[in-house]
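The chain contents come next:
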Amino acid sequence: MADQTTTDERDDKARAEDRATRIAALCFGVSILAALGLLVVYLTGGDTQLEGILLTLAFGGVAAGLGVWVRVLIGPSVIVEPRDPMPSRAEDRAGFEQDFDSTVDEVKVGGRRRFLLQLLGGAGASLGLALTVPLLSLGPIFDPNARRELFDTSWSAGRRLVTIEGEELRPEMLAVDEIATVFPADSDRAADSQAVLVHTRPGAIDLSTLPYPDGVVDGLVVYSKICTHAGCPVGLYRAQDAELICPCHQSQFLVTAGAKVLSGPTGRPLPQLPIGVDDEGFLVATGEFSAPVGPSFWNLTQGQDS
Amino acid sequence: MTAAPRPEAKDSLLDRIAGWADDRLKLAEGSRKYLRKAFPGHWSFLIGEIAMFALIILLLTGTFLALFYTPDTTPVVYSGPYVPLQGTEISAAYNSVLELSFEVRAGLLFRQIHHWAALVFVAAIVVHMLRIFFTGAFRRPRELNWVVGGILLLLAFGAGFTGYSLPDDLLSGTGLRIGYSALLSVPFVGPLLGYLGIGGEYPGVGVLGRLHILHVMIIPAGLLGLLGAHLFMVVRQKHTQKRTRRAREDNVVGEPLWPNQALTMTSLFFAVAAVLAFLGGVFEINPVWLYGPYEPFEVFAPSQPDWYMGWLEGLLRLWPAWEFTILGVTIPAIFIPSVVVPGILFGIVFAWPWIDARWITGDHAEHHINQRPRDVPARTAFGFAGLTFLLVIFVAGSNDVMAAALQTPLDTLTTVLRWAAIVLPVLAGLAAYRIAERLNQPVEAAPSSTVPAAKST
Amino acid sequence: MAAPVHARHLRRLGLLLVVLALAAGFNLALSGDAGAQDDPNLDPALVDQGRELYGQACILCHGPEGQGIPDDGSGVYGPSLLGVGAASVDFMVRTGRMPAEDSSDPLVRRPPQFNDTERAALTAYVQSLTQAAIDDQEERLAQGEDIPEAELIEPGPPIPDIQGWQEADLSRGLELFTTNCAACHGPTAAGIAVGRDDVSSNLRDSEPIVVAEAVRVGPGVMPVFGDEVVTDEDLEAIVAWVDDVTHRDSAGGFAFGRGGPVSEGLIAWIVGLGVLGVVIYLLGEREGTEDVVETDGPEPTTGATDG
């Protein structure tokens, strides 16, 4: 092919090469300037955006320069490499097997190899079991209280309801359509005890649908704030429809009907916390949640009576 | 044994260093042939390299971040320059991320590059995987490498999840909460797993410390180890190649490692670095200072995970509220979409080379020349169906954002997406099948109809 | 003790007012203001101006006494305004949600149709209607009539006083906002779908007083936050945070509407992998890769090796 190349073509090629060289040089130049500029910007106080752009130019210059170099200056070159099929050659495989098998006899001890092997296997399996030791230490699973923790919260009869700022609440403090996140008093905002206090519109609650029909004060009703689906706080309240919605996966609960599930992916209602008013006029819990709070788990229904 | 000739004065420094090393390690003998190792040319062969280079950037930037991050939930009072949080009690972890973002010079830049690199890393893995899938490059002898690739993807998910959970901001805590709930939902052992996973009742004890070790040590070690195995197998088995005039099953046609491929890869590495630097410098990502510290009773909408978890998030949003109790054992509604379905999906992915050989092509022979998607309509159809399913549930992961953007009732959108997740994959699969068959028709007469030729028992 | 006064208190207070008013021989509307001393509704001129505007813009749907017009299929209807509170009237008119063209118009932000004085006048007039209704109610109660709790009219929330919001504690605002508001309005108050076909408002362009009034009023599907639980001081902090987060420069660069991971994912694919896709296309196309579709090549490629 080369001998057919005319002088013109050769000149063209040389010119193209010159041009590519200049472009590559320019790229590297940009890179140098940008990297130095980056240092200057950094040393004089820094700026995330400017630094990012200079870093882009510094890296990009090298990338472009090398790209031109390899694609234009070096140009394409195709080689053909032979490829053998994957398996070893038959004689290699046979040889390996032979060499291996011939030494197996040395491992045997007077015909008791099978017995020894079984014991070794037993030791391996036992060790495997023993390896759960470090794993089991990862959680307090031997703590006798641990088994109860998914069932228990910090609420108990007589515990006052407080806001996130620890303020105690009286029924008249909440306007109709008002919603507040509440915790048991002095619980340090225990995560599993978070609840929503909702002031529903007069007469809106269908008491017969509530786990605790008596646990309602003047249209005020309290449910666990932890979604029974994946555990997000159910913070979105559509006052007009008395619907609580979980912002994570959009389970919808009807507050006036025992927080029954209207739509969305969760399988059970929000547990209700029964409330009343104590002697001093403050809202208190009169019991515990109607069911274990938060996302469901396998023995959910087995701990309620204990 | 005769020593190698002493380096002469005219030898360059590089020559002398190489000579010194070879004198002691006998490197030239094994390395020589690799200088002329052939790299088949098609741009799609470089997608996997994008992932690899993104991983390198992740390791570099991550090392920097690790020097400033504190995996500690001990409360401290924030006193940095970010005014809205001054005087607030926040965790030491969140504090360290704020410090990194606002006080460490170039800290925010590297934090953002790191996060963008993670997003691009997984994206590149996914596209790379699609290329392998649709061209049949996973076929014998590369089944094992396909599986290793699948594990790498899982590890990438794990790296991402543990990573965005570290800052202890409100969004990260929400993701963690959902992850814990999925763990809790496993029948019989869920509560135990939950306890072991987070060290006690939610929100757990020392979770950040565990996530941190996973994120900076265990998962990267796994990624690097398996990447090594991945590349070893590629070198051992050599690249697949596209069907061309010169490509045969017993050769590799391509550019030599030195200088072409080496320079191309270096150029690509710098290009990846440049793009990530651009993203990190110019586009804001995960502004944790706006989200505030994590409190278990706070949440905001929309709460989305990073994109590569979007399919799982969408599955959780779409899956119907099927929760039932049999003989006192409750199967939580979240169990199937968060544990069983992902398990099945990845089971199919891992088993695909064998499924493909057994039921789709009936072809168990060794192959090094890739197919075109049209060559195996059934596989392509299945791939498109799966991809469409993933895409629908991925979209469902942001149904609240979509509902607001499209001004559609959220419930309506969810219902539509539920049906779409069932119907669209079937339609996409059928369409792909028909198109593949149609494309095959003109070449029916020609002897290049490839699959039967390659078939063997 | 401003907005939601419990019925028991109200009764006692009302009785007192009636006695006082009778004794002093004053016009009740001028002397007795149960809930909101700060309301400007004592200026008769303002109330008169408000009456005129009300007659033009509101009376059709809300009725001459503000008692509302039931939806009887005629297409002209509207809720009662008695007891909605000054905050509600001011909010609706200030944000152009009211007056609506049509009874079925959605309650959305529109350019306001009244200026500040006109709005004050309307607010004063509607409050005077409420006051008249409350006075009437007190009389009936005094006569021993039993009014169901649901029908009791209260003065409603006054326009909250948040003059000090610019000095308010931002960190407190952040916590209150994320606890009470972010679930619907999003972390940066940008608005999001909140069930059915409702979308919460983007608060970027909302004046601080509008945000504060909405908290007290709970327009549309939004819940109410009264001043007993969320005090005016809390409200100032929330307003301050909303103003801060919606106007804060993004330290990290372009924030593309603060769409969170959704928009971040899009950027990663389009800018990240998109640009790199072009790069590998430029770098990766090589000789020897030409497609063999037809069999003009010298070496048809078969030769799969059997294993």
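The structure displayed is predicted, hence computed values, not measured ones. (Residues numbered from 1 in each chain as written. Chains lettered and ligands numbered in written order. Predicted model: local features only at pLDDT ≥ 70, side-chain atom pairs only at ≥ 80, totals over all residues. Heavy atoms only, no water.)

Chemist: Can you walk me through the overall build of chain B in this structure?
Modeler: Along chain B, the regular secondary structure elements total 17 helices and six strands. Expressed as lengths along the three principal axes of its C-alpha atoms, the size of chain B is roughly 70 × 65 × 45 Å. Relative to its 457 residues, chain B shows a buried fraction of 58%. Relative to all contacts within chain B whose residues are 6 or more apart in sequence, the contacts with residues 24 or more apart total 76%. Looking at chain B, you have 33 positive and 32 negative side-chain charges, and the mean spots of the two groups are 15 Å apart. (Helix = DSSP H or I, 4+ residues; strand = E, 2+ residues; numbered from the N terminus. Buried < 20%, exposed > 50% of the residue type's maximum accessible area, 1.4 Å probe, protein only. Contact = heavy atoms within 4.5 Å. Lys, Arg positive; Asp, Glu negative; His and termini not counted. Charge placed at Lys NZ, Arg CZ, Asp CG, Glu CD.)

Chemist: Would you mind showing me how to read the overall build of chain A here?
Modeler: Regarding its fold elements, chain A presents five helices and 12 strands. A globule of 306 residues ought to have a C-alpha radius of gyration of about 19 Å, yet chain A, at 37 Å, is considerably larger. Going through the 306 residues of chain A one by one, you find that 46% of them count as buried. Considering only contacts in chain A between residues 6 or more positions apart, those separated by 24 or more positions represent 55%. For chain A, the exposed surface amounts to about 15,600 Å²; the carbon and sulfur share of it is 58%. Across chain A, 24 positive and 40 negative side-chain charges occur, with their mean positions spaced 8 Å apart. (Rg over C-alpha atoms; globule rule 2.2 N^0.38 Å. Areas by Shrake-Rupley, 256 points an atom, 1.4 Å probe, with all protein chains shown as cover.)

Chemist: Please clarify how the interface of chain C and chain A should be interpreted in this entry.
Modeler: Size of an interface: often given as the accessible area lost when the parts come together. Listed per partner, the contact involves 33 residues of chain C and 36 residues of chain A. Counting every contact that joins chain C to chain A gives five salt bridges. Linking chain C with chain A are 13 residue pairs in polar contact (both at pLDDT 80 or more). For the side of chain C that touches chain A, the secondary-structure elements that each account for two or more residues are helix H7 (170-180), helix H8 (182-185) and helix H11 (261-284) of chain C. The biggest single contributor to the side of chain C that touches chain A is H7(C), with four residues. (Salt bridge = Lys/Arg side-chain N within 4 Å of Asp/Glu carboxyl O. Polar contact = N/O pair within 3.5 Å; in protein donor to acceptor, adjacent residues only side chain to side chain.)

Chemist: Looking at this structure, how should I read the pattern of salt bridges?
Modeler: Should the charged atoms of two oppositely charged side chains come close, the side chains can pair. In this structure the tally under the stated criterion is 35 salt bridges over all chains. Between C:Arg94 and C:Glu207 there is a salt bridge, and its shortest N-O distance comes to 3.3 Å. Of the two residues, C:Arg94 is situated in helix H5 (residues 86-94) and C:Glu207 in the loop between H8 and helix H9 (208-217); the sequence distance between them amounts to 113 residues. Ionic contacts of the salt-bridge type, sharing partners, join the residues A:Arg238, A:Asp241, A:Glu243, C:Arg196 and C:Asp198 into one network.

Chemist: Can you walk me through the state of the cysteines in this structure?
Modeler: A full pass over the atoms with the stated rule returns one disulfide over all chains. Between A:Cys232 and A:Cys248 runs a disulfide, and the two sulfur atoms are separated by 2.1 Å. Torsion about the S-S bond of the A:Cys232 and A:Cys248 cystine: about -90 degrees, corresponding to left-handed handedness. A residue pair is termed long-range when its members are at least 10 positions apart, and A:Cys232 in the loop between strand E5 (220-224) and strand E6 (236-238) and A:Cys248 in the loop between strand E7 (243-245) and strand E8 (252-254) qualify at 16 residues. Of the cysteine sulfurs around C:Cys181, a residue in no disulfide, the closest is that of C:Cys184, at 8.5 Å. (Disulfide = S-S within 2.5 Å.)

Chemist: Explain the sheet that holds strand E4 (residues 251-256) of chain B here, please?
Modeler: Two orientations exist for strands paired in a sheet by backbone hydrogen bonds: parallel and antiparallel. Pairing within the open sheet is antiparallel, and its three strands lie in the order E1(A)-E4(B)-E1(B). With one partner strand each, in any of the chains shown, strand E1 (79-82) of chain A together with strand E1 (38-39) of chain B form the two edges of the open sheet. (Pairing = 2+ DSSP bridges.)

Chemist: Any chance you could explain the environment of B:Val126 here in plain terms?
Modeler: All names here are of chain B. Along the polypeptide, Val 126 turns up in helix H5 (residues 107-134). For the pair formed by Val 126 and Pro 259, sequence separation is 133 residues and the distance between their alpha carbons is 29 Å. Non-local contacts of Val 126, meaning those with residues more than four positions away in its chain, are made with Leu 153 and Trp 307.

Chemist: In this structure, what is going on with the sheet that holds strand E2 (residues 161-162) of chain A? I would like to understand it.
Modeler: Residues and elements named next belong to chain A. One open sheet accounts for five strands, arranged E2-E3-E4-E5-E10; its pairing is antiparallel. Here the strands that pair on one side only, and so sit at the sheet edges, are E2 and strand E10 (272-273). When strand E3 (residues 179-184) meets strand E4 (residues 195-199), the two strands line up antiparallel, connected through four bridges. Paired with Ile 179 across the two strands is Val 198, which belongs to E4.

Chemist: Help me understand the interface of chain A and chain B, please; the structure alone is not making it clear to me.
Modeler: In this assembly, 75 residues from chain A lie in contact with 91 residues from chain B. Between chain A and chain B the total buried area reaches about 6,600 Å² when both faces are included, carbon and sulfur atoms providing 61% of it. Counting every contact that joins chain A to chain B gives three salt bridges. In this structure, the salt-bridge partner of B:Glu255 is A:Arg71, at a minimum N-O distance of 3.0 Å. (Buried area = accessible area lost by both parts, 1.4 Å probe.)

Chemist: Teacher, can you tell me more about a nonpolar patch on the surface here?
Modeler: Residues A:Leu26, A:Val30, A:Ile53, A:Leu57 and B:Phe278 make up a contiguous nonpolar surface patch of roughly 400 Å² in combined accessible area. Within the secondary structure, B:Phe278 is located in helix H10 (residues 257-282). (Patch = residues over 30% accessible without salt bridge, like charges linked within 9 Å, V, L, I, M, F, W, Y side chains within 5 Å.)

Chemist: I tried to follow the pairing of E3(A) on my own but got confused; where do I start?
Modeler: Side-chain direction in a regular strand flips from residue to residue, so the side chains alternate between the two faces of the sheet. Residue and element names in this part refer to chain A. E3 sits mainly inside the fold: six of its six residues count as buried. Burial along E3 is two-sided: the residues Ile 179, Thr 181 and Phe 183 and Ala 180, Val 182 and Pro 184 are all buried. Summarising the sheet, E2 and E3 pair through two bridges and their orientation is antiparallel. Its bridge partner lying in E3, Val 162 is registered against Phe 183.

Chemist: Whenever I open this one, the nonpolar core confuses me. Can you help?
Modeler: Soluble globular proteins tend to bury their nonpolar side chains together. Of all hydrophobic cores here, the largest spans 99 residues; its most connected members are A:Val221, A:Tyr223, A:Tyr237, A:Leu244, A:Val255 and C:Phe177. With eight residues, the single largest contributor to this core is helix H10 (residues 232-247) of chain C. With near-sequence residues (within four places) excluded, A:Tyr237 lies in contact with A:Asp177, A:Ile179, A:Val198, A:Ala242, A:Glu243, A:Leu244, A:Val255, C:Cys184, C:Val221 and C:Pro223. Listed in part, the 90 residues of the second largest apolar core include B:Trp116, B:Leu119, B:Ala271 and C:Leu273. (Core = buried A, V, L, I, M, F, W, Y, C linked by side-chain atoms within 4.5 Å.)

Bear in mind that shape data such as this cannot, by itself, settle questions of function.
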